[in-house]
Amino acid sequence: MTTRKHLKSLVRERMRKTGERYTVARRHIVDADTSWELRGGVHGDTAVLANVLANLGVVAPHTGEPLTEAMVLGVGGGLGAGYILWEFDSHQFRSRVLTLGFRRLWQYPDRWARETAARLGLHAEMHETGGVRAAAATLDAQLERGLPAIAWIDSYTLGHRGEPQWRDGYGGAPLIVYERAGDSYAIDDLSTTRELVPAERLAAARARVGSYKHRLITIDPERIELDLRPAVEEGLRVQVEHLSERSDSFSLPAWRKWARMTTDQRNSKGWPTVFADGLSTGSLRASIYTEAAHGAHLRGLYADFLDEAAGLLGRESLTEAADAWRRAAACWEPIVDAALPPGDELREAIDRDDPARWDLQQLRDQDAGELPDVGEPVAAMYEAERSALALLGSS
C-alpha cells in the first residue's frame, strides 16, 4: 500500500502523455511533489530498510502509517547476541578489537536483508557486480528508475565522517543512495542533514570490503506484496528459536561467556591475559559504549515491536514480553556507564560525533589503562534477557 491514494493515477496519466515506463513516470511525479525525508534511526540495517520503504510511500495496512524500524527488526527475526574479541599485530603494538552483535544474523547482513525482504513480500533486487564501472552503471540505472539503493560501504574510504587512516577497511553500516547530483550522490546514513559525496569516493567505498563489494539492494514499490500478520508471526517464531540456541558467539550464551571472560585468568582469551599489558583499553571501552549506548543494543526497539505485534495480532501477552525486554534494556545502562562514565571526555566526543574521538581513543590505547568493571552488570543483563526470552516463548 502507498500513502498517496492518487499517486498511481497521477503516474499512469503521465505515462499516457509521455510514454514513459511506470518507474520513470513515478520518479518525476514524486520528485515534483516531495524531497527525500531524512528519518534517522537506531540501527544501520533496520533503519535503512524502514527509511527506503517510508520514502517509497509504503505503509502498514493496519495503521496507514510507514512501517517502523521496530517492525522491520521484529519481522527480520529480532535480536541476536554476539561477543568476539579480536587480536591483531598492527599499529605499532598488538591491537585488540571487541565486536558485539545485537541483531539476529548480525554476522551475515546480506542473509538478514534477503530474509527480511522476502518475509515482508518486498521482492527486493540484490545486485553484486565485479567491476567498478559496472557497479556505478548499476547504481545509476536504479536511480534512473526512481529507486533508492541500499549500499554497503567502508566508512573510512567514504571519508565524510573524518575517520583516521587506521580505520581503513573496517567497513561500516549500509546507507541509502537516493539521488545523483552531478558528480556526486546524495546519501542518507541516518544523519539529519543532506549529505553529498563525490562519485569517485562512493565507488571506492563500495569496492573496499571484499565480503560485500559493490552490493546494492533496491525495492520496486509496484512489486511489493505486503502481508504483515504472517510476517510478524514468523518473525516471532524465528526470534524464540534463535535466542534459544546454545551458541556462545551468536546467541544469548554469548553474554554469559562475556561475563566470564572479564575475570578468567586461565583462558587465553580472558581479559586478564589479553590485556595483561594494559594497552588497548581505550578501544575496548569505546567499542562497548559506541555499540551499546543510546539504545543501539536494540532491546528497547524490540520491545516496541512486541507492543506493535500485540495490537496487530490481538495477543495481550506480547505486551508483558515487551515489558520484560524493556527491563532487560535497562540492564545495559550500567554496562555502558562502566565502559565510559558520564562526563568522560571520550564519551562526550563520541556523542558529538567529533572526529577528535579517534585520536583520544588511540592515545588511551597506547598507555596502560584499567579494564572496565563490567563482569557483574553483564551477568545481570544476561539473566534479564533469559527471563525476557522465556516470557516471550510462552506468549
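Conventions and cut-offs
- Residues numbered from 1 in each chain as written.
- Predicted model: local features only at pLDDT ≥ 70, side-chain atom pairs only at ≥ 80, totals over all residues.
- Heavy atoms only, no water.
- Salt bridge = Lys/Arg side-chain N within 4 Å of Asp/Glu carboxyl O.
- Helix = DSSP H or I, 4+ residues; strand = E, 2+ residues; numbered from the N terminus.
- Buried < 20%, exposed > 50% of the residue type's maximum accessible area, 1.4 Å probe, protein only.
- Axes fitted to C-alpha atoms, helices over the stretch in contact; angles between N-to-C directions.
- Parallel < 35°, antiparallel > 145°, perpendicular 65-115°, else oblique.
- Contact = heavy atoms within 4.5 Å.
- Core = buried A, V, L, I, M, F, W, Y, C linked by side-chain atoms within 4.5 Å.

A. Examining the pattern of salt bridges more closely. For the structure on display, the rule yields 30 salt bridges. A salt bridge links Arg119 to Glu115, with the nearest nitrogen and oxygen atoms 3.8 Å apart. Here Glu115 and Arg119 lie together in helix α5 (residues 109–119), a separation of 4 residues that amounts to about one turn. With relative accessibility at 23%, the residue Glu115 sits in the partly exposed group. A salt bridge links Arg237 to Glu234, with the shortest nitrogen-to-oxygen separation between them at 2.7 Å. With Arg237 and Glu234 both in helix α9 (residues 228–243), this residue pair falls 3 residues apart, about one helical turn. For Glu234, a relative accessible area of 27% puts it in the partly exposed group. Within the structure, one salt-bridge network assembled from shared partners comprises Arg104, Arg111, Glu115 and Arg119.

B. Seen up close, the packing of helix α14 (residues 317–330) against helix α18 (residues 375–393). Running from N to C, α14 and α18 point in directions that differ by 170°, and their axes come no closer than 8 Å. Accordingly, the angle class assigned to the pair α14 and α18 is roughly antiparallel. Side by side, α14 and α18 meet where Leu318, Glu320, Ala321, Ala324, Trp325 and Ala328 of the first sit next to Met381, Ala384, Glu385, Ala388, Leu389, Leu391 and Leu392 of the second.

C. Main features of the nonpolar core. Counting residues in hydrophobic clusters, the biggest one holds 91 residues, and the most contacted among them are Val232, Trp255, Trp258, Trp271, Leu306 and Trp325. Ignoring anything within four residues of it in the chain, the contact list for Leu306 reads Leu236, Leu318, Ala321, Ala322, Trp325 and Leu392. Counting 15 residues, the second-largest nonpolar core is a separate cluster that includes Leu143, Ala151, Ile153 and Ala205.

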